[in-house]
Amino acid sequence: MVFSTSIFIYLFLPITLLIYYITPKKGKNLIILLSGLLFYSWGEPIYVIVMLISTMIDYCAGLVMNHFEGKKLPRRICLIVSVVMNLGLLGVFKYSGFIAENINAIAGSQIIDINNMNFFGIDFLPMNMLPIGISFFTFQSMSYTIDLYMGNVKVQKNPISFAAFVTLFPQIVAGPIVRYDDVARELDDRSITIDLIYDGIVRFIIGLSKKVLIANSIGALWTTVKGMEISQVSVVSSWLGILAFTFQIYFDFSGYSDMAIGLGKMMGFHFPENFDYPYLSRSISEFWRRWHITLGAWFRSYVYIPLGGNRKGMPRTILNLAITWFLTGVWHGASWNFILWGSLYGVVIILEKLFLGKWLQKIPDVFCHIYTMLLVILGWVLFDTADLPTAGAYIANMFGAGGTPFIDSTAMYQIATYGITFIICIIGCTNLPKLAVEFIKKKIPPVINYGGIIALMGMFVMCAAYLVDQTYNPFLYFNF
Amino acid sequence: MKKENIYKILLIGLFALISVAVPVATIISSAGLPENAFSENENRYLEKMPEFNFDTVTDKSFMTKFENFFSDRIVLREQWIGLMNDFDRILGKKEIKGIFTEDGRMMQSWRTSDYSVDSVNKNLAAMEKFAEKYPKMKMYFMLAPNAQEIYSDTLPVNCGAADQKLFIKNCYDSLPSITGIDVYSGLLAAKNEYIYYRTDHHWTSYGAYIGYKSAASAMKFTAYSEDKFSIEHASNEFRGTLYSKTLDNSITPDTIDIYALANNEPQVKVSVYKSGAEPDSTYDSLYFREFLDVKDKYSTFLGQNVPRIDIDSEIPQENDKGSLLIIKDSYAHSLIPFLTKNYSHITVLDLRYINSDLSSIGVNLKDYENVLFMYNVITFSQDTNVKKLDFIIK
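Here, residues in each chain are numbered from 1, in the same order as that chain's written sequence. Following the order in which they are written, the chains are lettered starting with A and the ligands numbered starting with 1. It should be noted that, the model being predicted, local features are given only for residues of pLDDT at least 70 and side-chain atom pairs only at 80 or more, the latter also being counted only at that level, while totals for whole chains, interfaces and linings use all residues. Derived side-chain values reflect all non-hydrogen atoms in the structure, with water molecules and hydrogen atoms excluded from consideration.

Caption draft 1: How the structure looks around the interface of chain A and chain B. The interface is formed by 47 residues belonging to chain A together with 45 residues belonging to chain B. By buried area we mean how much accessible surface two parts lose on assembly, using a 1.4 Å probe and totalling the loss over both. Together, the buried faces of chain A and chain B total about 4,300 Å²; carbon and sulfur atoms form 76% of this surface. Of all residues in chain A, A:Tyr10, A:Trp42 and A:Tyr413 give up the largest surface area on contact with chain B, accounting jointly for 17% of the area buried on that side. The working definition used for a salt bridge is a side-chain nitrogen of Lys or Arg within 4 Å of a carboxyl oxygen of Asp or Glu. At the boundary of chain A with chain B, the tally comes to two salt bridges. Between A:Glu44 and B:Lys60 there is a salt bridge, with the nearest N and O atoms lying 4.0 Å from each other. Definition of a polar contact: a pair of N or O atoms within 3.5 Å, with one able to donate and the other able to accept a hydrogen when the atoms are protein atoms, and with sequence-neighbouring residues admitted only if both atoms are side-chain atoms. The interface formed by chain A and chain B includes five residue pairs in polar contact (both at pLDDT 80 or more). Secondary structure elements are taken from DSSP: a helix is a run of H or I of four residues or more, a strand is a run of E of two residues or more, and numbering for both begins at the N terminus. At the level of secondary structure, the elements contributing two or more residues to the side of chain A that touches chain B comprise α1 (6–22), α2 (28–43), α8 (194–227), α16 (409–428) and α18 (445–468) of chain A. The element best represented in the side of chain A that touches chain B is α18(A), accounting for 12 residues. Residues are grouped as follows: nonpolar covers Ala, Val, Leu, Ile, Met, Phe, Trp, Tyr, Cys and Pro; charged covers Asp, Glu, Lys and Arg; every other residue, Gly included, is treated as polar. Its residues assigned to classes, the side of chain A that touches chain B shows 35 nonpolar, nine polar and three charged. Any two residues whose heavy atoms approach within 4.5 Å at even a single point are treated as in contact.

Shown next, in the form of structure tokens:
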């Protein structure tokens, strides 16, 4: 199920919250588990089993690890079982098709028939299966066993509480990547207050509006441009198209994170923040500290630092960064585009560590912003085109190498049609709206009190209107 | 209680109210709907409650259909969609679901990307081949421009609307054996008249009358002049197909005009063939007035699209140009009433609904002296059925 649908907002959410609130404290985790299973099964009625297997193994690994407290070897075996199992699920369900395709390409023949595979009598279609959110829930669940091994968290003996952590529906399909450590205390004891519910609703409505009112609107432009023959796209249109995607993916993904955080609050949880105005960054390193923060933090804690981080000298630091960023690219999807996309970010971040970062500190801010956004925008071309040749042709066209006119009537029409939406997007991805609200709050509090309620309810009603007629309601971070 | 808490509780209350009131109202309001409820405005059946079993759940069809089931029946559905379209307009969107609303009139957008030249050429080739095969029949082609062409000066700047005048010329030029009828200049000259519906993609009866006059000069018959007709405003509340998409209530509803000769309007017999070679029903009027009371008022003109309609009209011998076979889209429906004044026997074929040899619906080409192809540009450019001429006529 997706948050931005009528059935979620008008059926699933009110019914779930109602039951959740009236259930006594002891039973609340069971409600989380049941509602999470329904929520997930709605989109993945079969692969929900994959999630349950992952949950069960990590729960048992935790118990066994706890049983052998102080003994290194059995604890390590438990960790290895958990990690291999989670990565194995990812490998089979997310990467097997891609690996098979590339083996075929290298071999030059169809040694693996990817459309007709069979394991133990079960049909296996590696290109057609990608359980929703598998990249998120495997990472979340793994964080528990790794942290337990390292002694950062205490064991969770209650299977319902542990399963509730994995199936907690607000974050199950698209993050933020909530680590066990983040919610360990709240899983066993949390209080739900008026303040928290209020904050949660505000956050949810803001996130829903970002997704439904902004991301979907501007996304339509990218869909149009992407659908055109590249030879018919003027230079200006190709910039407008990828700028539209730049905004779409930010408002889509950060909107989804806002909704998740808001829903978490309504249920008494504090999830970690996932975005911090990433498009205001002055360097790529900074961008990745502000974009999909929980993913970066996950890789930092469980890959980069265990590899030695920056404590083993510059050459080793560079290697560690390279590995981390290669894996970040791979995490985003089974395609060369994503691998190249992640790896190039790795290269830039290494360069920034070596010398670029110092240069950037000397030049005026405006150039730092241009440098960062240019790389980010070009990165999005790689991210959202079908394959590397398409991406290459698109980027070439952006710089006039495609032989298309600089501007044509289509581009002018797009500017006229999407101009207002672009302005809203530009303002919306800065901290200006937040500053404005704070300013008004300080000067004239009653306005923000009641004006705010009217504005929020207006936004909620508008979103509801868009959800009734869902001709265009994609969900970008679904396939990760 | 702290003052701050009052408005927090107010917001929570409003959020809860909307989240609960909408589903409850939906359940109450849809409880009365029949299982196979029909949306007149959207011209489709609403999604039924899907069956719940192992198969429908595992292939996810239950979930998809249930989501549609719910949003099809959601309370105030049309108001929600209208609100969304209003907001899109505020955001600067020039077209909503492929429709421009300019100068009080809705118009379809039509760009070169909206059709395939290949497919158009296949249709034209089939028509030409057909005409060459039957040299004794006189063949005509009337390709009517759409409102957005005639009113192209009102469209947003740079909206990229394709040139229909050029499209029509290219079509006519590639059909040496078929006479093209110039209806374009007549419509353009009458652009200040009520020739297209404001809320529907068809032309009005007056637009069709201009089509009739244009046909007369090409097909060499004498058209009745305007003053010979009495005009009845049969309905002033027509909201057509374009309205169904935008739900924009700011546009004045349309008028359905019924034209009849003031003196001696001919007696007619209309036979409707829904399938097979025998008529399913017959009428004694060109106007199916039962449609005046429903949403789809354009169907007042000879009803909805069916494979075949036959019209016999009792007209004075000296006016009779004989028999006419019309191969058409729905634009022809408002034109045909005029043609019945000059052709005593007309057979109307809609190739979209014909998939086997013409004899299967009881049509013998030898019975006809004239053939008229009648389409509007948008439908013709996207049609994939004209090329069936190759195999349904042997």
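Now that the structure is up, let's keep going.
Caption draft 2: Highlighting the packing of aromatic side chains. Centre distance within 6.5 Å is the pairing criterion for rings of Phe, Tyr and Trp, where only the six-membered ring of Trp is used; planes under 30 degrees apart are then read as stacked, over 60 as edge-to-face, and the remainder as tilted. Going through the model one piece at a time under the given rule, you end up with 91 aromatic pairs over all chains. Aromatic side chains B:Tyr206 and B:Tyr209 sit 6.1 Å apart centroid to centroid with 25° between the ring planes, which places their arrangement in the stacked category. Taken together, the residues span about one helical turn, with B:Tyr206 and B:Tyr209 both in helix α9 (residues 205–219) at a distance of three residues. One exposure class covers both B:Tyr206 and B:Tyr209, and it is buried. Geometrically, a lysine NZ or arginine CZ counts as sitting over a ring once it is within 6 Å of the ring centre and also within 35 degrees of the ring normal. Looking at A:Lys94, its charged tip hangs above the ring of A:Trp331, at a distance of 5.3 Å from the centre. One residue, B:Arg308, lies across the ring of B:Tyr273, its end atom 3.9 Å from the ring centre. Exposed residues in this analysis have more than 50% of their type's maximum accessible area, buried residues have under 20%, and partly exposed residues fall in between, with area computed by a 1.4 Å probe over protein chains only.

Caption draft 3: Spotlight on the sheet that holds strand β4 (residues 99–102) of chain B. Residues and elements named next belong to chain B. Strands were regarded as paired on the criterion that DSSP finds at least two bridges between them. With respect to topology, three strands assemble into an open sheet ordered β3-β4-β5, the strand pairing being antiparallel. The open sheet terminates on both sides in strands that have one partner only, identified here as β3 (95–96) and β5 (105–108). Of the pairings in the sheet, the one linking β3 to β4 comprises two bridges and is antiparallel in character. Its bridge partner lying in β4, Ile-96 is registered against Ile-99.

Caption draft 4: Up close: the nonpolar core. Formed by 170 residues in total, the largest nonpolar core has its most connected members in A:Phe8, A:Phe39, A:Phe204, A:Tyr279, A:Trp291 and A:Trp380. Take this core: its biggest share by element is 16 residues, from helix α9 (residues 235–266) of chain A. In this structure, this core is formed jointly by two domains, domain 1 (3–75) and domain 2 (100–392) of chain B, each of which donates at least three residues. Leave out the neighbours within four places in its chain, and A:Phe204 touches A:Phe8, A:Ile9, A:Leu13, A:Asp258, A:Met259, A:Gly262, A:Leu263, A:Met266 and B:Phe15. To qualify as a nonpolar core, a set must consist of buried Ala, Val, Leu, Ile, Met, Phe, Trp, Tyr and Cys residues joined through side-chain atoms within 4.5 Å. Source of the domain bounds: an automatic or database domain assignment.

Caption draft 5: Local environment of the domain arrangement of chain B. Taken domain by domain, chain B holds domain 1 (3–75) and domain 2 (100–392). If you average the C-alpha positions of domain 1 of chain B and of domain 2 of chain B, the two centres end up 40 Å apart.

Caption draft 6: Spotlight on the layout of surface pockets. Space inside the largest pocket adds up to approximately 1,700 Å³. Here a cavity is any set of points on a 1 Å grid over the protein atoms alone where a 1.4 Å probe fits but cannot get out, and a pocket is any open set with protein on both sides within 12 Å along at least 5 of 7 lines; a residue lines the site when it has an atom within 4 Å of a point. In terms of lining, the largest pocket is formed by 47 residues, of which the most central are A:Val202, A:Ile206, A:Pro433, A:Lys434 and A:Val437. The biggest single contributor to the lining of the largest pocket is α18(A), with 10 residues. In this structure, the second largest pocket is lined by 43 residues; those nearest its centre are A:Ala220, A:Thr224, A:Tyr418, B:Glu95 and B:Arg111. When residues in the lining of the second largest pocket are grouped by element, the largest group, eight residues, is from α8(A). Split by residue class, the lining of the second largest pocket holds 13 nonpolar, 20 polar and 10 charged. Grid points are joined across faces, edges and corners, and a volume is the space filled by probe spheres set on the points.

Caption draft 7: Representation of the pattern of salt bridges in the model. In the structure shown here, the tally under the stated rule is 24 salt bridges over all chains. A salt bridge links A:Arg282 to A:Glu286; the nearest nitrogen and oxygen atoms lie 3.8 Å apart. A salt bridge links B:Asp72 to B:Arg77; its shortest N-O distance comes to 3.9 Å. We classify B:Asp72 as buried; its relative accessible area is 9%. What emerges from the salt-bridge pattern is a single network uniting A:Arg203, A:Lys210, A:Asp258 and A:Glu273.

Caption draft 8: Inspection of unusual backbone geometry at higher detail. Positioned with a positive phi, A:Tyr277 is a non-glycine residue whose angle comes to about 45°. Tracing the chain through its elements places A:Tyr277 in the loop between α9 and α10 (284–290). Positioned with a positive phi, B:Lys97 is a non-glycine residue whose angle comes to about 50°. Position of B:Lys97 among the secondary structure elements: in the loop between β3 and β4.

Caption draft 9: Inspection of the pairing of strand β12 (residues 308–313) of chain B at higher detail. All names here are of chain B. The element β12 is extensively covered by neighbouring structure, given that five of its six residues are classed as buried. By the bridge criterion, six bridges tie strand β10 (residues 268–273) to β12 in an arrangement that is antiparallel. Bridge pairing in β12 links Val-268 to Ser-313. Taken together, the five bridges between β12 and strand β14 (residues 345–349) define a ladder with antiparallel strand orientation. Along β14, the bridge assignment pairs Ile-311 with Ile-346.

Caption draft 10: Expanded view of the packing of helix α13 (residues 336–362) of chain A against helix α14 (residues 365–383) of chain A. All names here are of chain A. Helix axes are fitted to C-alpha atoms over the stretch in contact, other axes to C-alpha atoms as well, and angles between N-to-C directions run from 0 to 180 degrees. For the pair α13 and α14, the least separation of the axes is 10 Å and the interaxial angle reads 170°. Between α13 and α14, the angle is such that the two are roughly antiparallel. Judged by the twist between their axes, the crossing of α13 over α14 is right-handed. Touching Asn-337, Phe-338, Leu-340, Trp-341, Leu-344, Tyr-345, Val-348, Glu-352, Leu-356 and Leu-360 of α13 are Cys-368, Tyr-371, Leu-375, Val-376, Gly-379, Trp-380, Leu-382 and Phe-383, all from α14. Looking at the contact of α13 with α14 residue by residue, the classes come out as 15 nonpolar, two polar and one charged. Angular relationships are summarised with four words: roughly parallel below 35 degrees, roughly antiparallel beyond 145, roughly perpendicular across 65 to 115, and oblique for the angles in between. Here a crossing is taken to be left-handed if its near helix is turned anticlockwise relative to the far helix by less than a right angle, and right-handed if that turn runs clockwise.

Caption draft 11: Looking closely at the pairing of strand β6 (residues 138–144) of chain B. All names here are of chain B. The buried fraction of β6 is high, at six of seven residues. In terms of strand pairing, β6 meets strand β15 (residues 370–376) through seven bridges, oriented parallel. Of the residues in β15, the one forming a bridge with Lys-138 is Asn-370. In this sheet, strand β7 (residues 179–181) lies alongside β6 in parallel orientation, the contact comprising three bridges. Within β7, the position partnered with Phe-141 by the bridge is Gly-180.

Caption draft 12: Examining a nonpolar patch on the surface more closely. All names here are of chain A. Patch criteria: residues need more than 30% relative accessible area and no salt bridge. Like-charged residues are merged within 9 Å; nonpolar side chains of Val, Leu, Ile, Met, Phe, Trp and Tyr are merged within 5 Å. The protein chains shown are the only cover counted for residues, whose accessible areas, like all others here, come from Shrake-Rupley with a 1.4 Å probe. On the surface, a nonpolar cluster with roughly 880 Å² of combined accessible area is contributed by Met-314, Trp-336, Leu-340, Leu-344, Val-347, Leu-351, Leu-354, Phe-355, Trp-359 and Leu-388. Here the element with the most residues in the nonpolar patch is α13; it accounts for eight residues. Residue placement: Val-347 occurs in helix α13. Taking relative accessible area as the criterion, Val-347 reaches 44% and is therefore assigned partly exposed.

Caption draft 13: Looking closely at the sheet that holds strand β11 (residues 281–283) of chain B. All names here are of chain B. With respect to topology, eight strands assemble into an open sheet ordered β7-β6-β15-β13-β14-β12-β10-β11, the strand pairing being mixed. In this open sheet, the two edge strands, each paired with only one partner strand, are β7 and β11. Strand-to-strand, the axes of this sheet are offset by a mean angle of 20°, without reference to chain direction. In this fold helix α7 (residues 164–173) packs onto β6 and β7, with an angle of close to 165° to the strand it touches most, β6. In the packing of helix α11 (residues 332–339) onto the sheet, contacts are made with β6, β12, β13 (323–328), β14 and β15, and the angle to β13 comes to roughly 170°.

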